[in-house]
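So the chains spell out like this:
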Amino acid sequence: KNQVEQSPQSLIILEGKNCTLQCNYTVSPFSNLRWYKQDTGRGPVSLTIMTFSENTKSNGRYTATLDADTKQSSLHITASQLSDSASYICVVSDRGSTLGRLYFGRGTQLTVWP
Amino acid sequence: EADIYQTPRYLVIGTGKKITLECSQTMGHDKMYWYQQDPGMELHLIHYSYGVNSTEKGDLSSESTVSRIRTEHFPLTLESARPSHTSQYLCASSDPVAEQYFGPGTRLTVT
């Protein structure tokens, strides 16, 4: 069964600190992995997208890593800001259909305190 | 910010009413999607469309229906709302490289 598991479920950090969110997946065949940020009451916004051959990709203070062999990904947030408070969702796409089916994790709820 | 819009943003309605959630995008994307999301849970695909006059049911069974008469417009309809339909509904469209862009969502509450 294709699944995407994220940890931790929730995380509280102080402003200015770094944090790392984890994503493990069993989706096969693998096409790409995306990290989205979803603010409360809003739709998800794409942060990064990585294909099989990419190990790391950065978007400002966000750096995603991918290990396709172990089927693990992480999202590292540097020097956190209050505006980083949101749910971070790991999404994996398969190559098994023309739809490019997306499998969503439940997200990590990050809260940044001043 | 993606050019994909949803209305209404919030809706509280009584049981048995017919409702239509609107979704439109100005990016010219052929593929569009409807997802349902409960608090703290993952998104579930309920409908998708490859283009005009093309609609398919997604992974999660839903009593809603969709139509795609114009490329830019993908409305979702519930003929008779029930409390079990209370949820957040997210519309999305994807570009040719399959990057998905989400709308802001409609928070539906059925009393």
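Refer to the structure presented above.
So, a few notes on the structure that sits alongside this text.

Cut-offs applied
Residues numbered from 1 in each chain as written. Chains lettered and ligands numbered in written order. Predicted model: local features only at pLDDT ≥ 70, side-chain atom pairs only at ≥ 80, totals over all residues. Heavy atoms only, no water. Contact = heavy atoms within 4.5 Å. Buried area = accessible area lost by both parts, 1.4 Å probe. Salt bridge = Lys/Arg side-chain N within 4 Å of Asp/Glu carboxyl O. Pairing = 2+ DSSP bridges. Helix = DSSP H or I, 4+ residues; strand = E, 2+ residues; numbered from the N terminus. Core = buried A, V, L, I, M, F, W, Y, C linked by side-chain atoms within 4.5 Å. Buried < 20%, exposed > 50% of the residue type's maximum accessible area, 1.4 Å probe, protein only. Axes fitted to C-alpha atoms, helices over the stretch in contact; angles between N-to-C directions.

## Concerning the interface of chain B and chain A
With 22 residues of chain B at the contact, the number on the chain A side is 17 residues. It is E42, E99 and F102 of chain B that lose the most area in chain B upon contact with chain A, and together they represent 26% of the buried surface on that side. Viewed at the interface, chain A and chain B are joined by 2 salt bridges. One salt bridge connects E42 of chain B with R106 of chain A, and the closest N-O pair in it is separated by 3.0 Å.

## Quick look at the sheet that holds strand β8 (residues 76-78) of chain B
Residue and element names in this part refer to chain B. With antiparallel pairing, the 4 strands of this open sheet are ordered in space as β1-β3-β8-β7. Two strands lie at the open edges of the sheet, namely β1 (4-7) and β7 (65-66), each paired on one side alone. Strand direction decides the pairing type here: β7 and β8, joined by 2 bridges, are antiparallel. Looking at the pairing, V66 lines up with L76 of β8.

## Here we look at the nonpolar core
Counting residues in each nonpolar core, the largest one holds 25 residues, and the members touching the most others are V4, Y25, L33, W35, L75, Y88 and V92 of chain A. I4, L21, A81 and L108 of chain B belong to the second-largest nonpolar core, a separate cluster that totals 17 residues.

## Quick notes on the sheet that holds strand β7 (residues 62-67) of chain A
Residue and element names in this part refer to chain A. The strand order across the open sheet formed by 5 strands is β1-β3-β8-β7-β6, and the pairing between neighbours is antiparallel. Of all strands in the sheet, those with a lone pairing partner are β1 (4-7) and β6 (56-59), marking the two edges. Adjacent strand axes in the sheet meet at a mean angle of 15° when their direction is disregarded. With 4 bridges joining them, β6 and β7 adopt antiparallel strand pairing. Pairing of K57 across the sheet is with A64, part of β7.

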